[in-house]
Every structure is written in structure tokens, then in C-alpha cells.
Amino acid sequence: MTDFTKANLDEVIPDMDRHRAKMKMSYQAVADACEVSQSTIVRLFKRQSNPTFELLQAVAAAIKYEPHADIVLLKGHTAEAH
């Protein structure tokens, strides 16, 4: 399980969205897998919200995402742990 607490979301989220598309999963499919609304997923990928740690983990699991080695996880733009 990926630890998103120190993730640079400005790098990780676009990478997750590219991976989602590569997996041929629609926003609705991701939303259904995470049991959230499609608008929640769209806002996440468009960076219009501050996602929770739990949502990031759920999306990563739904799309089978692991960050690439070149995605640097830095303290700063962190997910909120709720």
C-alpha cells in the first residue's frame, strides 16, 4: 500500500490519472470502485480538491497504481489524513 502522507500531489495525481487512462478505466468506474461520486474523482484528478489519504489509497487500489521510481515523494503538498 502506497504511503501518500508525504506525496507531492502535484506530481502523483497526474501520474495516477495517466495510469487510470492506461488501464482504460473511466472516472465513473473509479468512483464506483471507491464508492464515491464521479464528481469527487473528477475534482481529484483536476486538482480542484484536497483529497484525503483514504481516498488516494482507494483510487490507487482501484486503478492498481504504484508510483514510479521517478515520482519523488516529498513533504509539502500532502494529503489530509482524515
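Just above sits the structure.
Residues numbered from 1 in each chain as written. Predicted model: local features only at pLDDT ≥ 70, side-chain atom pairs only at ≥ 80, totals over all residues. Heavy atoms only, no water.

Asker: Please give an account of helix α3 (residues 38-45) that cites residues and values.
Answerer: Buried residues of α3: T40, I41, L44 and F45, and no others. Considered in projection along α3, the buried side chains sweep an arc of 125° and stay on one side of the axis. Its buried side turned inward, α3 meets α1 (9-22), α2 (27-34) and α4 (53-63). Just beyond α3, the residue with positive phi is R47, at close to 60°. (Buried < 20%, exposed > 50% of the residue type's maximum accessible area, 1.4 Å probe, protein only. Helix = DSSP H or I, 4+ residues; strand = E, 2+ residues; numbered from the N terminus. Arc of directions from axis to C-beta. Contact = heavy atoms within 4.5 Å.)

Asker: Outline the nonpolar core, listing residues and values.
Answerer: Counting 21 residues, the largest nonpolar core has F4, M16 and V59 as its most contacted members. Of all the elements in the fold, those that place two or more residues in this core are α1, α2, α3 and α4. At seven residues, α4 tops the list of elements feeding residues into this core. Setting aside chain neighbours within four positions, we find M16 in contact with F4, F45, L56, V59, A60, I63 and Y65. (Core = buried A, V, L, I, M, F, W, Y, C linked by side-chain atoms within 4.5 Å.)

Asker: An account of the packing of aromatic side chains is requested, with residue identities and associated values reported.
Answerer: Taken as a whole and judged by the stated rule, the model has one aromatic pair. Between the NZ or CZ atom of R20 and the centre of the ring of F45, over which it lies, the distance is 5.8 Å. (Phe/Tyr/Trp six-rings, centres within 6.5 Å; stacked < 30°, edge-to-face > 60°. Lys NZ or Arg CZ within 6 Å of the ring centre and 35° of its normal.)

Asker: Now, about α2: what can you tell me, with residues and values included?
Answerer: Taken together, the buried positions of α2 are occupied by V30, A31 and C34. Buried residues in α2, looked at end-on, bunch into an arc of 100°, giving them a common side. Elements in contact with the buried residues of α2: α1, α3 and α4. Looking one or two residues beyond α2, the residue adopting positive phi is E35, at roughly 60°.

Asker: Can you lay out the pattern of salt bridges for me, pointing to particular residues and giving the numbers?
Answerer: What the rule picks out here adds up to three salt bridges. Two residues, D17 and R20, come together in a salt bridge whose shortest N-O distance is 2.7 Å. Pair noted here: D17 and R20 are both in helix α1, with a separation of three residues, about one helical turn. (Salt bridge = Lys/Arg side-chain N within 4 Å of Asp/Glu carboxyl O.)

Asker: Would you mind going over the packing of α3 against α4 in detail, with residue names and values included?
Answerer: At a minimum axis separation of 12 Å, α3 and α4 run at an interaxial angle of 95°. It follows that α3 is roughly perpendicular to α4 by the angle criterion. Across the interface between the two elements, T40, I41, L44 and F45 of α3 pack against L55, L56 and V59 of α4. Its residues assigned to classes, the contact of α3 with α4 shows six nonpolar, one polar and no charged. (Axes fitted to C-alpha atoms, helices over the stretch in contact; angles between N-to-C directions. Parallel < 35°, antiparallel > 145°, perpendicular 65-115°, else oblique. Nonpolar A, V, L, I, M, F, W, Y, C, P; charged D, E, K, R; others polar.)

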